[in-house]
Amino acid sequence: MLFVKKERLILGEACIKEELSDSEGVILLKINLKCPEINAKKREPLSVFAKNFYSDLINSFAEYAKTELLKAAKEKYSESTEGFLPFAAVMNYRVTRFDERFLSVVIDISVSDGAGNISHERKTQVWERSFGTKCRHTCLINDMVLDEYLLQSFSKKEIKRIDRELFALTDNGFELYIRRGSEYTSVCVPYEKIEAKF
């Protein structure tokens, strides 16, 4: 649990963990979801947007798992009980920066059909504490500076396809996550190369 500003804001963890079974007790779906939970006084700007954002995110993913994913698991189990492994819905997160100015979070979401077919998605949020709003990458780094770093690892064609809003603030700098197939690679621009404000 992290505290900031004389306990005006407490960053905890929301967790939903369940195993859903059929009428015979066969486990069809395992749910293990974790995300930040913001407990703040009303005047704390993050309590306006970020608190509800994470609450909605974990609850909507849990609802999807308990309806759509559970239905798919039931169908697969009814087709063949032999060798069936439970489906899974997993959400994990990392707080990459939390200080007086920013809260930066990386969330990884995975869905598995039990047979090794896994879909994976990464989401990021950088919240500006003063206003309680999410930052766009252009608030933190100039596109020309970012392009200069990206050109060290990617072609101009690849750079055009990169989602520049998939980024975080880390101990080392501004980190951009690039999806390549089912994996994510990262490029980090040191803070001193961006602006003195970091």
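Residues numbered from 1 in each chain as written. Predicted model: local features only at pLDDT ≥ 70, side-chain atom pairs only at ≥ 80, totals over all residues. Heavy atoms only, no water.

S.K.: Help me get a handle on the pairing of strand β5 (residues 102–112), residues and values and all.
M.R.: Each regular strand displays side chains that alternate between the two surfaces of the sheet. Counting buried positions along β5 yields eleven of eleven residues, so the element is predominantly enclosed. Along β5, one buried face is formed by Phe102, Ser104, Val106, Asp108, Ser110 and Ser112 and the opposite face, lined by Leu103, Val105, Ile107, Ile109 and Val111, is buried too. Sheet analysis places strand β4 (residues 87–98) next to β5, joined by ten bridges and oriented antiparallel. Within β5, the residue paired with Val95 across the bridge is Val105. The antiparallel pairing of β4 with β5 creates a hairpin that spans three residues between the two strands. Relative to strand β6 (residues 118–128), β5 is paired through eleven bridges, and the arrangement is antiparallel. When the sheet's bridge partners are listed, Ile107 is paired in β6 with Lys123. If you look at the hairpin formed by β5 and β6, you'll find five residues sitting between the two strands, and Gly114 has a positive phi there, around 80°. (Buried < 20%, exposed > 50% of the residue type's maximum accessible area, 1.4 Å probe, protein only. Helix = DSSP H or I, 4+ residues; strand = E, 2+ residues; numbered from the N terminus. Pairing = 2+ DSSP bridges.)

S.K.: Got a sec to walk through the sheet that holds strand β9 (residues 173–180)? Specific residues and values, please.
M.R.: Spatially, β8-β9-β10 is the arrangement adopted by the three strands of the open sheet, whose pairing is antiparallel. Each edge of the sheet is formed by a strand with only one pairing partner; in this case those strands are β8 (167–169) and β10 (183–190). With direction set aside, neighbouring strand axes in the sheet form an average angle of 25°. By the bridge criterion, eight bridges tie β9 to β10 in an arrangement that is antiparallel. The residue of β10 that forms the bridge with Phe174 is Val189. Packed on one face of the sheet, helix α2 (residues 143–150) meets β9 and β10 and runs near 120° to β10. (Axes fitted to C-alpha atoms, helices over the stretch in contact; angles between N-to-C directions. Contact = heavy atoms within 4.5 Å.)

S.K.: Quick one: what's the story with the pairing of β9, residue by residue and with numbers?
M.R.: In terms of residue burial, β9 counts as a mostly covered element, since six of its eight residues are buried. For β8 and β9, the ladder comprises three bridges, and the chain directions are antiparallel. Considered in β9, the bridge of Ala168 is made with Glu175. From the end of β8 to the start of β9, which pair antiparallel, there are three residues.

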